[in-house]
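The residues making up each chain are set out below.
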Amino acid sequence: MNESGLRNMFDPERFRRPVIPEQFDGMVVNPVFKDFLAKIGFVDFERVFGFSGGHSFKKIRQRSVARIDFSVDGVGKTFYLKRHNAEKVRGGAESFSDFGAGSTSQGMLEFENIVAFRRHGLATVTPVAAGVRMVGRSRAESFLLTEDFSPWVSLEWLLFNRPEYFTGPGANLRKKALLEKIGRFARKMHDEGFNHKDFNATHILLGVGQDLRGPLEIALFDLQRVDRGKFFRFRWVIKSLAELNYTLFDEFFSDEDRALLFRAYKGTGNAGVYGRFQQFWIRRKSARIARHTQKLVERRRLRT
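Residues numbered from 1 in each chain as written. Predicted model: local features only at pLDDT ≥ 70, side-chain atom pairs only at ≥ 80, totals over all residues. Heavy atoms only, no water.

Engineer: Quick question: what am I supposed to make of a positive patch on the surface here?
Structural biologist: Together, Arg-235, Arg-284, Arg-288, Arg-291, Lys-295, Arg-299, Arg-300 and Arg-303 line one region of the surface with positive charge. Mapped onto the elements, Arg-299 comes out in helix H9 (residues 272-303). (Patch = residues over 30% accessible without salt bridge, like charges linked within 9 Å, V, L, I, M, F, W, Y side chains within 5 Å. Areas by Shrake-Rupley, 256 points an atom, 1.4 Å probe, with all protein chains shown as cover. Salt bridge = Lys/Arg side-chain N within 4 Å of Asp/Glu carboxyl O. Lys, Arg positive; Asp, Glu negative; His and termini not counted. Charge placed at Lys NZ, Arg CZ, Asp CG, Glu CD. Helix = DSSP H or I, 4+ residues; strand = E, 2+ residues; numbered from the N terminus.)

Engineer: In this structure, what is going on with the nonpolar core? I would like to understand it.
Structural biologist: Burial of nonpolar side chains together is a common tendency in soluble globular proteins. One finds Leu-155, Phe-166, Leu-178, Ile-182, Ile-204 and Leu-206 to be the most contacted residues of the largest nonpolar core, which totals 60 residues. The residues touching Ile-182, leaving out its near neighbours within four places in the chain, are Leu-155, Phe-199, Ile-204, Ile-218, Leu-244 and Leu-261. Counting 20 residues, the second largest nonpolar core, distinct from the first, contains Leu-37, Phe-70, Val-72 and Phe-143. (Core = buried A, V, L, I, M, F, W, Y, C linked by side-chain atoms within 4.5 Å. Buried < 20%, exposed > 50% of the residue type's maximum accessible area, 1.4 Å probe, protein only. Contact = heavy atoms within 4.5 Å.)

Engineer: Help me understand the pattern of salt bridges in this model?
Structural biologist: Oppositely charged side chains are able to pair whenever their charged atoms sit close together. Scanning the model with the defined rule gives 21 salt bridges in all. Glu-164 is the salt-bridge partner of Arg-162, the closest N and O atoms lying 2.5 Å from each other. For Arg-162, a relative accessible area of 27% gives the class partly exposed. With a relative accessible area of 38%, Glu-164 lands in the partly exposed category.

Engineer: How do you make sense of the sheet that holds strand E5 (residues 75-88) when you look at a structure like this?
Structural biologist: The strands that make up a sheet are held in pairs by hydrogen bonds between backbone atoms, and each pair lies either parallel or antiparallel. Taken in spatial order, the seven strands line up as E1-E2-E6-E7-E5-E4-E3 in an open sheet, and their pairing is antiparallel. Edge strands, defined here as strands with exactly one partner in the open sheet, are strand E1 (22-23) and strand E3 (55-59). Pairing of strand E6 (residues 127-135) with strand E7 (residues 139-147), which is carried by eight bridges, proceeds in the antiparallel orientation. Looking across to E7, one finds that Arg-133 is bridged to Glu-141. Sheet strands in contact with helix H4 (residues 106-119) are strand E2 (27-29), E5, E6 and E7, and its direction is about 150 degrees off that of E6. (Pairing = 2+ DSSP bridges. Axes fitted to C-alpha atoms, helices over the stretch in contact; angles between N-to-C directions.)

Engineer: Is there a simple way to think about the layout of surface pockets in this case?
Structural biologist: Unoccupied space between atoms shows up once a probe the size of one water molecule is rolled over them. Empty space within the largest pocket amounts to approximately 700 Å³. In terms of lining, the largest pocket is formed by 25 residues, of which the most central are Phe-57, Lys-82, His-203, Phe-221 and Asp-222. Elements with a contribution of two residues or more to the lining of the largest pocket: E3, strand E4 (63-72), E5 and E7. For the lining of the largest pocket, the residue count by class is eight nonpolar, six polar and eleven charged. As a volume, the second largest pocket reaches approximately 460 Å³. Lining of the second largest pocket is provided by 16 residues; of these, Asn-200, Thr-202, Glu-243, Tyr-246 and Thr-293 occupy positions nearest its centre. Listing elements by their share of the lining of the second largest pocket, those giving two or more residues are helix H5 (155-161), helix H7 (236-247) and H9. Broken down by element, the residue count for the lining of the second largest pocket peaks at five residues, all from H9. Its residues placed into classes, the lining of the second largest pocket shows seven nonpolar, five polar and four charged. (1 Å grid on protein atoms, 1.4 Å probe; cavity = no way out; pocket = protein on both sides within 12 Å on 5 of 7 lines; lining within 4 Å. Points joined across faces, edges and corners; volume = space filled by probe spheres on them. Nonpolar A, V, L, I, M, F, W, Y, C, P; charged D, E, K, R; others polar.)

Okay, structure coming up:
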């Protein structure tokens, strides 16, 4: 890829541009991809949901995820296909025409959340299509198709694979920029009325450039679990920062780093009395997550 193409791939607007979905043969589709989907034969629910190619890297009883590479007329694209097996949906029948009305099937729900995030200027992955099909009166199969987010990487990937980003010369400045970006993003997300219920290193995307020196940008993915409730919003900061803090390795991040993240979220250098109480609550919640996770790991170990 040439230099101009790389700049476009790292352009944060790629993940913020609003999407106005169109109905297309039993699915909702991002119109940018409509022609390409027609060329690869993804023209209805059955052909997408029943596709058997690609590289499957997650397959459990409830859902599966596959990475699929296509090339048409010299244009290559990579998609992620997340399929949800038959699940009970609230209120019975649901179809693609329910888009925007509070879908309950997981594929359609995540597509709606992605579109809503972008509408509010929150960066996330690019939606391609989604669809749902009833199985009986109260169960449904659904899918979500998204575009590959490469060359962006998850914060988790960076922690495991490029630890030098968090150590050595310039590491403190990089960590400061990273934590401030994440804190401001989380605050904007909450102010816009959304709470990603799995806000952790796994689901935070970073545009850092191939040499890890490019402009730092933030996005989120896996928006299947997003809370839009009006009640208990004061707890969002506790849950979000506690879960994120748990996934930030102690090897790289100090208590002061975590305090910086909190201050970036609050938008102030002085936490105040209530802020200090929130920080205490966040630390307590992180410790509880750690204990719970350790119990789960121990149970799995005993089963094997």
